[in-house]
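Inside the fold
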Amino acid sequence: MFRTALRNVLAHKARLLMTVLAVVLGVAFVSGTLVFTDTVGKAMSNQSAKSFAGVAVSVTSHGPTRNDEGVKEGEPGISQRTLDKVKALGGVDAVSGRVHGFAAVGDQDGKLIGNGWSNTGANFVPLKDGKDPRYTFTEGNGPARAGEIALDKETAKRGKYKVGDKVRVADNGPAKEYTLAGVFSTEDGAVNAGGSLVLFDTPTAQQLYLEPGFYDELAVSAKAGASADRLLTEIKPVVGKDVTAETGAQLAAKQAKDIEAGMGSMNQMLLTFALISLFVGIFLIYNTFTMLVAQRTKELALLRAVGANRGQVKRSVLAEALVVGVISSAIGLIAGVGLAVGMRSAMNAFDVKIPAGPLVVAPVTIAAAIGIGIVVTMLAAWLPARRTAKISPVAAMGSAHLPASAKSLVLRNSIGGAVTLLGLLGILGGAMTGKEGKMLIGAGAFLTMIGIIILLPALSRPVIAAVRPLLEKVFGVAGKLAAQNAVRNPRRTAVTAASLAIGLTLVTALSVLGITMGKAIDRMTTDNLRADYTVSMGQSFGSLDASVIPALEKAPGVKAVSPQQAGDFRVGDGDSYRSVSGVNPATIGQLLNFDVVSGQLTSLAKGEVAVAEKTAKEDGLSVGSTLKVTFLDDKKANLKVGAVYKDMEGMLSPYVIDSRILDKHSEKPYLREVLVKMDGGPSEKAEQSLVDALGKNPAITFATQQDIRNEMGGMINTALNIMYGLLAMALIISVLGVVNTLAMSVYERTQEIGMLRAIGLDRGRVKNMIRLEAIVISLFGAVIGVALGTFIAWAVGETIKGSIPNYALEIPFDRIAIFMLLAGIVGALAAMWPARSAARLNMLTAIKTE
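Everything quoted here is computed from the prediction, not taken from an experiment. (Residues numbered from 1 in each chain as written. Predicted model: local features only at pLDDT ≥ 70, side-chain atom pairs only at ≥ 80, totals over all residues. Heavy atoms only, no water.)

1. Looking at the overall build of the protein
Scanning the protein from terminus to terminus reveals 27 helices and 27 strands. The proportion of buried residues among the 850 residues of the protein is 48%. In the protein, once contacts between residues fewer than 6 apart in sequence are set aside, the share between residues at least 24 apart is 81%. Just so you have it, the protein exposes about 39,300 Å², and 60% of that area is on carbon and sulfur atoms. (Helix = DSSP H or I, 4+ residues; strand = E, 2+ residues; numbered from the N terminus. Buried < 20%, exposed > 50% of the residue type's maximum accessible area, 1.4 Å probe, protein only. Contact = heavy atoms within 4.5 Å. Areas by Shrake-Rupley, 256 points an atom, 1.4 Å probe, with all protein chains shown as cover.)

Encoded structure:
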């Protein structure tokens, strides 16, 4: 029987091509994901290990701590005195004191170099040989005095800087000019992530980021023969309990574990989409084997007649699937390795630097790729094999195309209806549950999809019958035949449409949610923000320096300025801190659209507090109530509620007070952003005035209302495009499914097509018949997918609308129209080869075909 199976595979290799391609694509996605994440993870781990080469022990400071009364205790970092004590220990060869923080570098035009969040500054620490082991200089030397810096090679290249040039560098305050003393190469992860690295002399770095004479970290190297573990034991009593001390090996292992966890998240996301592709591929494989065994019914019946039992017939079909699975998996594994190489090159092309390293093809990747490919193929072929084995030889001899029994269709529809109802109840239950209902919606969506797939044969007849008159009116005989052919075998039509429905369900759900959230953010900006500019530290998310406010107030054309200062306090006797916004009472009304429910916003100037309506209801507060608070410095205060306003989530904290009150209780206020109103509104001249006022600081961004909309819209569109790209593999497999179904259908209807040609149907109308059949099937799947995707998006939206201000479901009809159009185009393109094959059939040869 195995020889028979092998012979059948070789005899039908052309008809199995689409099945092979579907499995190859799915396996390539899985193996490519595993190889890519393993390769990148290994390269990053090796890079991390290099940065700890020569470090026997690392000591890291966590800064001063707070006692039970909220008062800071301890030193700001590791003191020079502690460094000297560590250096004096017997097994220590050298100690490097490190300091680091944020530093932004501007190019020749003053624009920020790097991505903001990974732009860092650190100190240059020369050892006995005058070199810092962490950096290799390609030009010049490290900074030796105040006013000098060194830049990483990529930043110097992007800024077109050479040794001796003046470079503008800033933290969260005014930018300063430094002389470029050297250019270096580094394995620093921040630089590889697209950021920049600036090296200062140690006193300058301490002044910028900590305090003179203190360090964030000590890197200790050991003398030859000294044990790192023993050295760690000696160092711990010296450095005290307020720091973390561990060996370089321990630190490297911890970072490797963190990298593995980070890559694991990417791995899970990519594998999810890979498994979706494989799930879609199951329908293609199922259809292929269903049609293959249907066409060989008489052959299989003959085997039964000459002595083969049901088990042998079933195993024969499964053996074919096994051969196809093994071959496809092997090809898919090789393709996956190529895909991983391509993904790595693509990351570098988008300026995401990945450390150099060998390609990692782990044994588990090989086993997973081969195993998944075989299991998917065997699973998809099992039902056709089982159904074929159950047909009696006499019945099979009498008909090559046995219809499903009425009993089996009733059972199928009953099961499908029950599963769909259960899934819909799950989705509705999750939507009504609120924030905690996402898992229930996910389970319900899966069950609904499975139930609809089971019901698709029953749904196909009424849905396609509804468009049949239109097809017949527009396309005549070809349209009428196409509609009839589309429902001739409802199961085949359903399975083909199901693969498209799955992809479009996900695409539609993501699109509806993405567009809805984008509109909500747009409304939040439009409804709440009156300021012309929002000034912030951009992607670094750092605090602006307090000097920014008076500098902006003095800028030409500025009408109003208010800080958006972030703080915290405890309310009543509670232990948890509540967020509070500090603003300028005199100007905040000109910068934000406060919808005051009760009281007066001017009460902020009297030292009173404004409370968001939702919080006021929860805490039982109203105008005139007293709010007992405890600030971060453990000082208590009684604040009178002067106003209650409509919530502005995402824009303001639920409590608003005068920023000067927060200043009194904050050692270093966190100035999140500054709102600015200009006399003539936003313009190039107005923005330049603000830029000049802040000393052309490359780290500071100036965003108009439209900039905020564009930024958030761009982020959402980027996320959607990534999702579309990841789902593209599933849609490609869906297209292959349509091609496969039509090709097999043409083969099955060879004699019928010959008869149609003989009675006058010309080649053009034969092609139209096949094309229209493909378009009808594709649009049928698209309608189901779009409807279910929209419903799932509504349900998910019900769980998140409480945390997103102004959330209201938006159905992007323009995108849905594009999806439907693309589905029709996909059907037309998929039909090209089968339609051409059908039109080229010799009518006499076709009529004689059995």
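2. A few points about the sheet that holds strand β1 (residues 57–61)
With antiparallel pairing, the 4 strands of this open sheet are ordered in space as β5-β16-β1-β17. Edge positions in the sheet fall to β5 (92–98) and β17 (243–247), since each has one partner strand and no second. Ignoring which end each strand starts from, the neighbouring axes of this sheet average 15 degrees apart. In the packing of helix α3 (residues 80–87) onto the sheet, the strands contacted are β5 and β16 (217–222), and the crossing angle to β5 comes to about 160 degrees. (Pairing = 2+ DSSP bridges. Axes fitted to C-alpha atoms, helices over the stretch in contact; angles between N-to-C directions.)

3. Quick notes on the side chain of T508
In this structure, T508 sits in helix α16 (residues 490–528). Setting aside its immediate chain neighbours within four residues, T508 contacts G785, V786, G789, T790 and F819.

4. Concerning a positive patch on the surface
Taken together, R310, R386, R387 and K390 make up a surface patch of like positive charges. Counting residues per element, the positive patch draws most heavily on helix α11 (residues 363–390), at 3 residues. Locating K390 in the fold gives a position in helix α11. (Patch = residues over 30% accessible without salt bridge, like charges linked within 9 Å, V, L, I, M, F, W, Y side chains within 5 Å. Salt bridge = Lys/Arg side-chain N within 4 Å of Asp/Glu carboxyl O. Lys, Arg positive; Asp, Glu negative; His and termini not counted. Charge placed at Lys NZ, Arg CZ, Asp CG, Glu CD.)

5. Section: the packing of α3 against helix α7 (residues 228–239)
How two helices sit against one another is set out by the angle between their axes and by the gap between those axes. Following both chains from N to C, one finds α3 and α7 inclined at 155 degrees, their axes separated by 10 Å at the closest point. Overall, the two elements α3 and α7 adopt an arrangement that is roughly antiparallel. Here α3 and α7 pass one another in a crossing that is right-handed. On α7, the residues that touch T82, K85 and V86 of α3 are I235, V238 and V239. (Parallel < 35°, antiparallel > 145°, perpendicular 65-115°, else oblique. Left-handed = near helix turned anticlockwise from the far one by under 90°.)

6. Here we look at the packing of aromatic side chains
As enumerated under the stated definition, the model contains 10 aromatic pairs in all. Between F791 and W794, the aromatic rings sit 5.8 Å apart at their centres with planes inclined by 15 degrees, giving stacked as the arrangement. Note that F791 and W794 are positioned in helix α24 (residues 763–800) at a spacing of 3 residues, about one turn of the helix. The structure contains a cluster of three or more aromatic residues connected by ring pairs, namely F124, Y135, F137 and F184. (Phe/Tyr/Trp six-rings, centres within 6.5 Å; stacked < 30°, edge-to-face > 60°.)

7. Let's talk about the environment of V364
With respect to the helices, strands and loops of the structure, V364 is situated in helix α11. Taking the relative accessible area as the measure of exposure, V364 reaches 58% and is therefore exposed. For the pair V364 and S31, spaced 333 residues apart in sequence, the C-alpha to C-alpha distance is 9.8 Å.

8. Digging into the pattern of salt bridges
Think of it this way: side chains of opposite charge can pair up when their charged atoms draw near. Under the definition given, this model contains 12 salt bridges. R230 is the salt-bridge partner of E234, the closest N and O atoms lying 3.9 Å from each other. With E234 and R230 both in helix α7 and 4 residues apart, the pair spans about one turn of that helix. Classification of R230 as exposed rests on a relative accessible area of 59%. Across the pair E613 and K646 runs a salt bridge whose closest N-O atoms are separated by 3.4 Å.

9. Details of helix α23 (residues 750–758)
Of all the positions in α23, only T750, I753, G754, L756 and R757 are classed as buried. Viewed end-on, α23 has its buried residues packed into an arc of 160 degrees, placing them on one side of the element. Just downstream of α23, G760 is the residue with a positive phi angle, here 120 degrees. (Arc of directions from axis to C-beta.)

10. Some thoughts on unusual backbone geometry
You will see that K160, though not glycine, has its phi angle at about 55 degrees, which is positive. Among the secondary structure elements, K160 is positioned in the loop between α4 (153–159) and β12 (166–170). Residue class for K160 comes out exposed when judged on its relative accessible area of 67%.

11. Thoughts on the environment of V323
Structurally, V323 can be placed in helix α10 (residues 310–349). For V323, a relative accessible area of 14% puts it in the buried group. Measuring from C-alpha to C-alpha, the distance between V323 and I374 comes to 8.6 Å, with 51 residues separating the pair along the chain.

12. Description of a nonpolar patch on the surface
Together, I818, L821, L822, I825, L829 and M832 make up an exposed nonpolar region whose accessible area comes to about 580 Å². The element contributing the most residues to the nonpolar patch is helix α25 (residues 813–830), with 5 residues. With respect to the element layout, L821 can be found in helix α25. For L821, a relative accessible area of 55% puts it in the exposed group.

13. Section: α7
Taking 1.5 Å as the rise per residue, α7 with 12 residues should run 16 Å; its terminal C-alpha atoms sit 16 Å apart, in good agreement. The N-terminus of α7 is capped by S227, whose side-chain oxygen sits 3.4 Å from the backbone nitrogen of D229. Positive phi shows up at G240, right after α7, with a value of about 90 degrees. (Expected span 1.5 Å × (residues − 1). Polar contact = N/O pair within 3.5 Å; in protein donor to acceptor, adjacent residues only side chain to side chain.)

14. Some details on the pairing of strand β23 (residues 626–631)
Direction of pairing for strand β19 (residues 558–571) relative to β23: antiparallel, over a ladder of 3 bridges. Residue pairing for β23: F569 is matched across the bridge by F631. Pairing geometry for β23 and strand β24 (residues 636–645), over 5 bridges, is antiparallel. Looking at β24, one finds that V629 is bridged to A637. Hairpin geometry of β23 and β24 is characterised by an intervening segment of 4 residues between the two adjacent antiparallel strands and by a positive phi of about 70 degrees at D634.

15. Observations regarding the pairing of strand β20 (residues 577–583)
Relative to β20, β19 is paired through 6 bridges, and the arrangement is antiparallel. Paired with G567 across the strands is V580, a residue of β20. Here β19 folds back onto β20, and the loop between the two strands holds 5 residues, one of which, G572, carries a positive phi near 65 degrees.

16. Describing the packing of α25 against helix α26 (residues 832–839)
Contact geometry of α25 with α26 gives a least axis separation of 4 Å together with a crossing angle of 40 degrees. Classified by the angle their axes make, α25 and α26 are oblique. Where α25 abuts α26, its residues A828, L829 and A830 lie against M832, W833 and P834. Looking at side-chain class alone, the contact of α25 with α26 contains 6 nonpolar, no polar and no charged residues. (Nonpolar A, V, L, I, M, F, W, Y, C, P; charged D, E, K, R; others polar.)

17. As for the environment of R468
Inspection of the secondary structure assignment puts R468 in helix α14 (residues 438–475). Sequence separation between R468 and K480 is 12 residues, and the spatial gap between their C-alpha atoms is 6.6 Å. Those residues in contact with R468 that lie beyond four places of it in its chain are K480, A483 and Q484.

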